[in-house]
Amino acid sequence: MKNHTILLLLSLPFLLVSYSALAQDSLANGQSTNPWKVKTAGEVRVQYFHYDHREWVKGDSQDFLLTRFLLNGKLNYTNKHSLFVELQSGLANGLNEPTSPVEENILDLHQAYISSTLLKTHKSQLELKLGRQELSYGSQRLISVREGPNNRHSFDAAKIKFSKEHFSIDAFAGTYVQAKKGFFNDPFLDDSQTIWSLYAVQKAIPIIHNADLYYIGIHRDKEDFDRNFHKTNKHMLGLRIWKDDGAFQYDFEAVGQMGKTDEEKDIQGSTVSANLSYQWQDAPLKPTVGIKAQYISGDHDSTDNKLNTFDPVYPKGAYFGLNSELGPRNLTNYHLYTGIQASKKLSLSLEYMQFWRSSLQDGIYAVSNQVIVPASQIEASSIGSQWQFIPEYQINEKLYIRSDLTYFTAGAFLKEAGRRNYFSASGTIQYKF
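Fair warning: this is a prediction, and the values are worked out from it, not measured in the lab.

Our focus in this paragraph is the nonpolar core. The biggest cluster of nonpolar side chains holds 48 residues, and the ones touching the most others in it are Leu326, Ile364 and Leu414. With near-sequence residues (within four places) excluded, Leu414 lies in contact with Trp56, Ile364, Val373, Ser382, Ile383, Phe408 and Arg419.

Next up, the structure:
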């Protein structure tokens, strides 16, 4: 409980200042005022999964259940200051292997932060957020809340944000919360993974519409490069150009990554991606078609003094679909998708993806950044292809159900590694209150 005592102590100055301001306000007006407001909310999500040959391993068939509970409370003082606390519980039933903290963490403090508006005019605002919090930026390819897996992730961080009309810029620095299985035992300010960033967004730009320009720095005590482990320090520069309204939408992003390992190896990685879609908004069923493509670098030569495997930092969990096994390292892929709005509440989508290794000297990775299948001198590049069918039914504002059906056909690389095709089906029901 020591770590959570620290969080409580961090919150006390905010509470004392707020109480003092409240008392002064009451005395000045000669009457009792109540600028305090309390709001509670939460979520229950239950997911059933079935896998045949999970991670392409012959005979590894599983049926399991993942359940997630989120409960939060927010205490507002006027419209300028607030204290937010959220608990998270993730439970797993039926998994064959030992569960990870991403799948099962009985109960822990997920978020606990103070938020304060330091400056506000009719056109601009300056905000500060301090404490354990979720972070999400851009397309969530690099920093996300990790909604797909059973447990979302968070950071112990300080964040300051300035916004004015169509422009915003924020800076944060903090440590990644390394989840541990159990009861209120996630460490506080664990410096084994530290991250810092400067992120700017400009909207309403002629022709290109919107653009993000950002820098991210990260330190990891231990990182897996095709089962070779290194301590790393990395820096990233990224540019994103996007449009997310209207019939035609797009999202282009490019990131360069550089740095050093503890053995003085140079880190040189990169990724580029493109996503274009079109929806016939006035047509029956409002059909949508789209195409995505991306390149994510892998290590070119395991014997040289360079590491080229791109680190996706903290990407969204269901990167290539809820049931997908692949994570965004050492990959080149394209992705075709289409969907219809069958009714006000029911949507249907069908997706096809093809995957190759960007480098034949590197293996393939899970979303957790761990190697699933090492390179092992296999010269084939084709990982395989994946079909997905996703019906989703939004019953009302609070309740929805969804199903994900995924079939992956193993390519030459997986076949040479002794792996085979896999099939997965899942069902999700989620209620927010």
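Continuing now.
Looking at the secondary structure, you find Pro312 in the loop between strand 14 (306–307) and strand 15 (331–341). Measuring from C-alpha to C-alpha, the distance between Pro312 and Val201 comes to 20 Å, with 111 residues separating the pair along the chain. When neighbours within four sequence positions are excluded, Pro312 is seen to be in contact with Arg141, Leu142, Pro328, Arg329 and Asn369.

With that out of the way, let us pick up the pattern of salt bridges. In the structure shown here, the tally under the stated rule is 22 salt bridges. Look at the salt bridges and you will find they share partners, linking Glu43, Arg45, Arg68, Glu134, Glu147 and Arg152 into a network.

The grouping of Leu350, Trp387, Phe389, Leu405, Tyr407 and Phe423 at the surface amounts to a nonpolar patch, some 510 Å² of accessible area in total. Mapped onto the nonpolar patch, the elements with two or more residues apiece are strand 19 (382–394) and strand 20 (399–410). In this fold, Tyr407 is placed in strand 20. Here Tyr407 falls in the partly exposed class, since its relative accessible area comes to 36%.

Applying the stated rule across the entire model yields 26 aromatic pairs. Ring plane angle 65° and centroid distance 5.5 Å describe the contact between Phe155 and Tyr176, whose orientation is recorded as edge-to-face. With Phe155 in strand 6 (residues 155–164) and Tyr176 in strand 7 (residues 167–176), this residue pair connects regions lying 21 residues apart in the sequence. Each ring, one from Tyr319 and one from Phe320, has its centre 4.8 Å from the other, and the planes form 70°; the classification is edge-to-face.

What counts, and at which threshold
- Residues numbered from 1 in each chain as written.
- Predicted model: local features only at pLDDT ≥ 70, side-chain atom pairs only at ≥ 80, totals over all residues.
- Heavy atoms only, no water.
- Core = buried A, V, L, I, M, F, W, Y, C linked by side-chain atoms within 4.5 Å.
- Buried < 20%, exposed > 50% of the residue type's maximum accessible area, 1.4 Å probe, protein only.
- Contact = heavy atoms within 4.5 Å.
- Helix = DSSP H or I, 4+ residues; strand = E, 2+ residues; numbered from the N terminus.
- Salt bridge = Lys/Arg side-chain N within 4 Å of Asp/Glu carboxyl O.
- Patch = residues over 30% accessible without salt bridge, like charges linked within 9 Å, V, L, I, M, F, W, Y side chains within 5 Å.
- Areas by Shrake-Rupley, 256 points an atom, 1.4 Å probe, with all protein chains shown as cover.
- Phe/Tyr/Trp six-rings, centres within 6.5 Å; stacked < 30°, edge-to-face > 60°.

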